[in-house]
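# Survey of secondary and tertiary structure
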Amino acid sequence: MLHEACGVTDWAADTGIEKIYEINRNYRSDAAIVKFCNDKFGSKMGCIGNGRSDKVKELTRASQINTFLKEMDGETVVIVKNKWVFNEFCYLIREEAIKKKLVYVDTKADKVPENVIPCYSIFAAKGLEFKTVLVYAREMTTKQKIVACTRAMDKLFYYE
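Note that the structure is a prediction, hence the values are computed from the model and not measured. (Residues numbered from 1 in each chain as written. Predicted model: local features only at pLDDT ≥ 70, side-chain atom pairs only at ≥ 80, totals over all residues. Heavy atoms only, no water.)

This part takes up the confidence of the model for the protein. Looking at the protein, the pLDDT average stands at 88 and 93% of residues meet or exceed 70. Across the protein, the secondary-structure element scoring lowest on mean pLDDT is strand β1 (residues 25-26), at 74, and the one scoring highest is helix α4 (residues 83-92), at 97. (pLDDT = per-residue confidence, 0-100. Helix = DSSP H or I, 4+ residues; strand = E, 2+ residues; numbered from the N terminus.)

Here it is as structure tokens:
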């Protein structure tokens, strides 16, 4: 996807693309996740279908992250901005057994090991989709927060 943040300012001259199509419908995420992004970040995404409010939970305390990580299933991932923020996230985790399961996944990773809690960088997560996502949004730009949140298809847990 090309956009102004990539340095494209004059579409026709910079890309040779004469006709621009704006894609503003989200086909991946539950409607409640799209509504959360629209309300929290001012995005204007449309969505397919209806959503349930229990699909999104904003976490406000580190203790909630610890509880969530204890209860999460094997289809859940964490998304962080980068390795530095991943290290900060790990510092919040109290239980050593959980902390040892956290594995940072960046764009250089060939595969994700089994039986771990994958913590994707926002750059590695872009374009992927997951059933349940915990977004640790520290240091992310607004656009990165929207991208991170919309990796979730079914449930989103969000911590700022």
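For helix α2 (residues 31-41), the tally of buried residues reaches 8 of 11 residues, placing the bulk of the element in the interior. Those residues of α2 that fall on the buried side of the exposure criterion are A31, A32, I33, V34, F36, C37, N38 and F41. On the buried face of α2, the contacting elements are β1, β2 (46-47), β3 (56-59), α7 (142-149) and β8 (152-159). The backbone nitrogen of A32 has a side-chain oxygen 2.9 Å away, supplied by the residue at the start of α2, namely D30. Phi turns positive, to about 75°, at G42, one or two residues after α2. (Buried < 20%, exposed > 50% of the residue type's maximum accessible area, 1.4 Å probe, protein only. Contact = heavy atoms within 4.5 Å. Polar contact = N/O pair within 3.5 Å; in protein donor to acceptor, adjacent residues only side chain to side chain.)

Time to look at the environment of F68. Along the chain, F68 turns up in helix α3 (residues 62-71). Put simply, F68 and L134 are 66 residues apart on the chain and 8.8 Å apart in space, counted from C-alpha to C-alpha. In contact with F68, not counting residues within four places along its chain, are T76, T132, L134 and F157.

In this section: the side chain of T76. Its location among the elements puts T76 in strand β4 (residues 76-80). Sequence-distant contacts of T76, defined by excluding residues within four places in its chain, comprise F68, P118 and T132.

Attention now moves to the state of the cysteines. Inspection of the entire model under this criterion finds 0 disulfides. For the unlinked cysteine C37, the closest cysteine sulfur is that of C149, found at 4.5 Å. For C37, a relative accessible area of 0% corresponds to the buried category. With no disulfide partner, C90 has as its closest neighbouring cysteine sulfur the one in C119, 6.1 Å distant. The class for C90 is buried, based on a relative accessible area of 12%. (Disulfide = S-S within 2.5 Å.)

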